[in-house]
Amino acid sequence: MKVSIRAELVLLTRSRAVRWSVVTAWLFAAVVTGGLLSTYGSEQQAVDVSTAAGQAEVLIDPLSGLVVLALGVVLAAGDFRTGAVVWTYLATPERWRWAVAKVVVAALLGAVVGVVAELVKLGTLAALQPAGAGPVQWSQGVLWQAVAGSVISPTALAVAGAALGLATRNVAGAITGALVWIVVLEGVVRSFLPEAVVPFLPHTALAELRNLTGTAPYAQSATVVGVTLAVLVAGALVLTQRRDLTR
Amino acid sequence: MSRSDGGIRCHGLTKTYAGGGGVRGVSFTAAPGRVTGLLGPNGSGKTTCLKVVLGLAGHDEGTATIDGTPYSQLTSPTRAVGACLDVAGFPPQHTATTVLRSLAVRSRVPAERVEEVLGEVELADVGRRRIGQFSLGMVQRLRVAAALLARPHHLVLDEPLNGLDPMGIQWLRGLVRRHAEAGGSVLLSTHLLTEAQLTVDDVVILHGGQVLAQAPLPTLVESGPMGAASLESVFFALVERGAAPPGRGVDGAPRPGTPMTNGGVR
């Protein structure tokens, strides 16, 4: 397994597209947070960091989420598009090892994007808060829950992207499918379900983890996200191991 | 491994696709020390056979083994067989060196081997250029480099001459010959019959998913129609006949030591 992960990292760390995508997400986090703070009036005596962090997340998370979701898909399905998967299958007949390595590397990528975007955001909040504002209350539990959610969210989306990429073997199809679910279908499904069931929808649970709505227990949302990812990844592994190479 | 298990063997191989096609009861051997040409028109089942041999596709019946072991059970598959397949590609945004380094990690090959193999395929000067900027011939050489990376005992080459210039073709011919002379099996699938005649020792002709004929090249050419002196004329005679029962010569009569169906070619 370590060998497969190392081989994937060799490619990932040398990909300019990945580097630029990640840097763009981080720059966006800095610009959004700085821009948000600049709208605060100078008469404001204190900045509630958790509120500002929450407001910044509303803008930052969709972009970083989209970036890592797409990177996860490309990371997995891109090998099928280029035919590079043939070399992988020849070197690793136990294909599930390669598929797990893809998921692990996608998770690492998502986590790095999430952690750094969060550090950029908090650093910008701390550095640019208006003069006269009170000290940042780093001990606030809500703040750290939001921080954890903002790291878990891109990690989960990257893993979901990799699993979808492995299952569909089609970059455009996987990204479109994921976006249609997130933007359209889950909203439609939500309107037909009883209120008590809605927090169990996967993207709703992910939003709960980022503490944007705050209506469901954190552990419950984490469990829903974890189970959804487990199902997606398990399905992708089974399909990867069983299917013929169709190129 | 018994002596008879050596090389690349298919026995009674059957693979059907949902949409039709595939292969039925295909048996042949690419023996050690020999270059075996797998010939046939489009859709005859050549690539299907290679995919099954290399574990890239499953099969319904029969066996496909490398030195007596199915590909999926080989402990070091890329050291046992180096494969250069037409369907195998590379990410265009990466350099040849990066891609081969990643493959070297997967195959547990020392990183130094990457530069070495790039030299062997005469791509050392462009190792750090992005693959997207490569010509067709350079990509083909890179495929061969990937196949040779782990110093495999056997070689499986699918249309290896695609995109190669005359120098490249000569180079590949020499490489294949040297590999066989070193004791490895070479299974080579190609459409280029004139080239096959210059390169292969044994011939397996597939048509409609079945083996039409298999024999050492000189024997097969001798069994051809009147005055036939080329693999091409034998090939067309066989393929036009199409349904000629396996194990028969071009004229339909059994010939001692000529086309066989049991996987033996010698």
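Quick caveat, the model's predicted, so the values are computed rather than measured. (Residues numbered from 1 in each chain as written. Chains lettered and ligands numbered in written order. Predicted model: local features only at pLDDT ≥ 70, side-chain atom pairs only at ≥ 80, totals over all residues. Heavy atoms only, no water.)

A. Inspection of the UniProt feature "transmembrane region" (unreviewed entry) in chain A at higher detail. Residues and elements named next belong to chain A. Sequence positions flagged by UniProt for "transmembrane region" (unreviewed entry) are, in local numbering, residues 20-38, 58-78, 99-122, 142-164, 171-193 and 218-239. From the first C-alpha to the last, residues 99-122 spans 34 Å; its make-up is 100% helix and 0% strand. Counting secondary structure, residues 218-239 comes out at 100% helix and 0% strand; the distance between its end C-alpha atoms is 32 Å. (UniProt positions renumbered as here; feature names shortened; annotations may be inferred. Helix = DSSP H or I, 4+ residues; strand = E, 2+ residues; numbered from the N terminus.)

B. Layout of the interface of chain B and chain A. Every contact between the two is made by 34 residues of chain B and, on the other side, 27 residues of chain A. The largest per-residue losses of area from chain B upon contact with chain A belong to L56, V105 and R106 of chain B, which jointly make up 29% of the total buried on that side. Summed over the shared surface of chain B and chain A, the result is 2 salt bridges. Two residues, D244 of chain A and K15 of chain B, come together in a salt bridge whose shortest N-O distance is 2.4 Å. Our count for the contact surface shared by chain B and chain A stands at 9 residue pairs in polar contact (both at pLDDT 80 or more). Contributions of two or more residues to the side of chain B that touches chain A are made by α2 (77-80), β5 (81-84), α3 (96-106) and α5 (136-148) of chain B. Grouping the constituent residues of the side of chain B that touches chain A by class yields 18 nonpolar, 9 polar and 7 charged. (Contact = heavy atoms within 4.5 Å. Buried area = accessible area lost by both parts, 1.4 Å probe. Salt bridge = Lys/Arg side-chain N within 4 Å of Asp/Glu carboxyl O. Polar contact = N/O pair within 3.5 Å; in protein donor to acceptor, adjacent residues only side chain to side chain. Nonpolar A, V, L, I, M, F, W, Y, C, P; charged D, E, K, R; others polar.)

C. Structural detail: the packing of aromatic side chains. Applying the stated criterion to the full structure yields 5 aromatic pairs over all chains. Pairing Y89 of chain A with W98 of chain A gives two aromatic rings, centres 5.6 Å apart and planes at 85°, and the pair type is edge-to-face. When sorted by exposure, Y89 of chain A lands in the same class as W98 of chain A, which is buried. One aromatic cluster is present, formed by F80, Y89 and W98 of chain A through successive ring pairs. Across from the ring centre of W171 of chain B, 4.6 Å away, lies the NZ or CZ of R141 of chain B, which sits over that ring. (Phe/Tyr/Trp six-rings, centres within 6.5 Å; stacked < 30°, edge-to-face > 60°. Buried < 20%, exposed > 50% of the residue type's maximum accessible area, 1.4 Å probe, protein only. Lys NZ or Arg CZ within 6 Å of the ring centre and 35° of its normal.)

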